[in-house]
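Structural overview for review
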Amino acid sequence: MRAEAELYARGDSPLHRWDARWKTVTLAVLIAVLVSLESVRAALAGALMALALLAGGRLPAGLMLRRLLTAQALLFPCLVVLPFTVPGAPLPGSPLPVSREGLHLALLLYLRALAILTVGFAMVYSTPMVVWLRALQNLGIPRRLVEITLMTYRYLFTLGWELTRMRWALAVRGFRNRPSRAAWRALAQVVGVTLLRSLERTERVRQALACRGFQGRLRTLHEFRAGPPDWIKSAVGILLAAGLWMVDR
Amino acid sequence: MHLSDGILPGPVLVAGFVSAAALARWGVAGLRDDETPRVAVFTGAFFCASLLHFKVPPTSVHLLFHGLLGVVLGRRALLALPIGLGLQATLLGHGGITTLGVNATMFGVAALAASGLYRWLGSGGSVRPFWCGALAAAAAVLISGLLLAAMLWSLGEGFVWVARYALLAHLPVLVIEAVVTGSAVEFLRRAQPALLPGGAA
């Protein structure tokens, strides 16, 4: 696991320069519209819009495609089954008992998921996590939740690295990941040790924070500043979302 | 297993966010400032543990560990779950952003049930730690699996098969999750009982 999103989030593009608060609200509105789309036509337009948005972030295309594919992996069984199980008029000229309604539904689900995921990636890969979480806090997400998330994010990579080292240690000692009780037990102990070390780490983190004058509130130096370019981008985004909604009716 | 984006209708998603927020509110109640790092580090640990692969021929599965999460964190699991799931959705693309509320509710209810069951089984002292953990984890997987299947079921006739498939796919996960959680609880009971409820003595 790498802080890959963070790597790209510090790039420079119109999408990156968009103020995080305005970007979050606009993209949230867009996603709310995308979720409710009922026609394939509108969903296709939404997916294209989302891909254009992602392209505006000048992010590496290969990486984004791979991410989109893995994110949709859970959806694929659904897409394969639905054309067969949804009742409706059979598709003329097809050797398989596929219904038109089922195909329509599968296509709609696919496009909707693609659009939502793409907008999500456009958000995540163009905003550093710290800035985004602060923006969410400004928008009304409780401070407590934001601070725990920030701290979790901070220690995620430390813990991930620790787990990687433990897997190396296992491999060196001849561990094979087989479907057996012994292998599961060994991995269970890895999980147990991770939790144990977390407990010890918690104590050290708490002490380190106390040494630096932590009183239950994390502070950042980031200041939000929004100007006309942000407002224009948001206005265009909201208008496009409204347009999608109209097309769908 | 998570629900991904694009399947559920808007009202269900909104209801998911509302219920997850209510659960998180209950989870945060009485949280002291110096408890924040503890919840954060454990959330990170569970996030990483869920990345481990377990071989089930012909594929491999990731475990959810929401049973163990419930056992170790208790009510605070309701805080850890939305955070962990949110990070998973944004960093890895597992689950979904729009389904975050629904998923957090589903796993949160399951984790609470696991926590309750673990305490109840452990209180008598007659059940071995392995079985306390294993049964708690099995209950958690079963509950979240049934909730997921029920939600898919409610979408209409075409989804009945999808719901059945989803429920069936939970069975191998249930077995492995039970064995692994049981072993982890057994290990923790020996190595650091303070991590488990009722084990500080």
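Residues numbered from 1 in each chain as written. Chains lettered and ligands numbered in written order. Predicted model: local features only at pLDDT ≥ 70, side-chain atom pairs only at ≥ 80, totals over all residues. Heavy atoms only, no water.

Description of the pattern of salt bridges
Here is the rule: Only one rule defines a salt bridge in this text: a Lys or Arg side-chain nitrogen within 4 Å of an Asp or Glu carboxyl oxygen.
Scanning all chains against the criterion turns up eight salt bridges over all chains. Here R17 of chain A and D12 of chain A are joined by a salt bridge, their closest N and O atoms 2.8 Å apart. Where salt bridges share partners, they join R185 of chain A together with R128 and E186 of chain B into one cluster.

A look at the nonpolar core
Selection criterion: By nonpolar core is meant a set of buried Ala, Val, Leu, Ile, Met, Phe, Trp, Tyr and Cys residues that side-chain atoms within 4.5 Å join together. Each residue gets one of three labels from its accessible area relative to the maximum for its type: buried under 20%, exposed over 50%, partly exposed in between, using a 1.4 Å probe on protein chains only. Here a strand is any run of E in DSSP of at least two residues, a helix any run of H or I of at least four, and the numbering for each starts at the N terminus. Where each domain begins and ends is defined by an automated method or by a domain database.
If you look at the biggest cluster of nonpolar residues, it comprises 140 residues, and the most contacted ones within it are L195 of chain A together with F54, L68 and L152 of chain B. Looking at this core element by element, the count peaks at 14 residues for helix 7 (residues 100–124) of chain A. Each of domain 1 (4–136 + 224–248) and domain 2 (142–211) of chain A contributes no fewer than three residues to this core.

A look at the domain arrangement of chain A
A common way to express how large an interface is: the accessible area buried when the components associate. Residue and element names in this part refer to chain A. Rules: Each of two parts loses accessible area, computed with a 1.4 Å probe, when they are put together; buried area is these two losses added. Nitrogen and oxygen atoms within 3.5 Å of one another constitute a polar contact, given that in protein one can donate a hydrogen and the other can accept it, and given that sequence-neighbouring residues count only through two side-chain atoms. In this count, Pro and Cys sit with the nonpolar residues alongside Ala, Val, Leu, Ile, Met, Phe, Trp and Tyr, while Asp, Glu, Lys and Arg are called charged and the others, Gly among them, polar.
By the assigned domains, chain A splits into domain 1 (4–136 + 224–248) and domain 2 (142–211). Look at where the C-alpha atoms of domain 1 and domain 2 centre, and you get two points 33 Å apart. Here domain 1 packs against domain 2, burying approximately 530 Å² in sum over the two surfaces, 75% of which is carbon and sulfur. Of all residues in domain 1, M129, L133 and R134 give up the largest surface area on contact with domain 2, accounting jointly for 74% of the area buried on that side. The interface formed by domain 1 and domain 2 holds one residue pair in polar contact (both at pLDDT 80 or more) in total. Residue contributions to the side of domain 1 that touches domain 2 peak at four residues, all from helix 8 (residues 129–138). Its residues assigned to classes, the side of domain 1 that touches domain 2 shows three nonpolar, no polar and two charged.

Observations concerning the interface of chain B and chain A
As a reminder of what qualifies: Whether two residues are in contact is decided by their heavy atoms: any pair within 4.5 Å suffices.
On the side of chain A, 63 residues touch chain B, which itself brings 66 residues to the contact. Together chain B and chain A conceal approximately 5,700 Å² of surface at their shared face, both sides included; 79% is due to carbon and sulfur atoms. Our enumeration of links across chain B and chain A arrives at one salt bridge. Among the ionic pairs, R185 of chain A bridges to E186 of chain B, the shortest N-O distance being 3.6 Å.

Side note on the packing of helix 3 (residues 66–73) of chain B against helix 6 (residues 129–153) of chain B
Between two packed helices, what matters for the description is the angle formed by their axes and the separation of those axes. Residues and elements named next belong to chain B. Cut-off, in case you're wondering: Only the contacting stretch of a helix is used when fitting its axis, a line to C-alpha atoms as for every element, and angles between N-to-C directions run 0 to 180 degrees. If an angle is under 35 degrees, it is roughly parallel; if it is over 145, roughly antiparallel; if it lies from 65 to 115, roughly perpendicular; otherwise it is oblique. By convention, the crossing between two helices is left-handed when the near helix turns anticlockwise from the far helix through less than a right angle, and right-handed when the turn is clockwise.
Where helix 3 contacts helix 6, the two axes come as close as 7 Å, and the packing angle between them is 120°. Judged on the interaxial angle alone, helix 6 and helix 3 are oblique. In terms of crossing hand, the pair formed by helix 3 and helix 6 is right-handed. Listed contacts from helix 6 to H66, G67 and V71 of helix 3 are A136, A137, A140, V141 and S144. Each residue belonging to the contact of helix 3 with helix 6 can be placed in one class, and the counts come to five nonpolar, three polar and no charged.

Topic: the packing of helix 4 (residues 77–92) of chain B against helix 5 (residues 100–124) of chain B
All names here are of chain B. Running from N to C, helix 4 and helix 5 point in directions that differ by 145°, and their axes come no closer than 9 Å. Read as a crossing pair, helix 4 and helix 5 show a hand that is right-handed. Along its contact with helix 4, which presents A77, L78, L81, P82, L85 and G86, the element helix 5 presents L100, N103, A104, F107, G108, A111 and L112. Residue composition of the contact of helix 4 with helix 5, grouped by class: 10 nonpolar, three polar and no charged.

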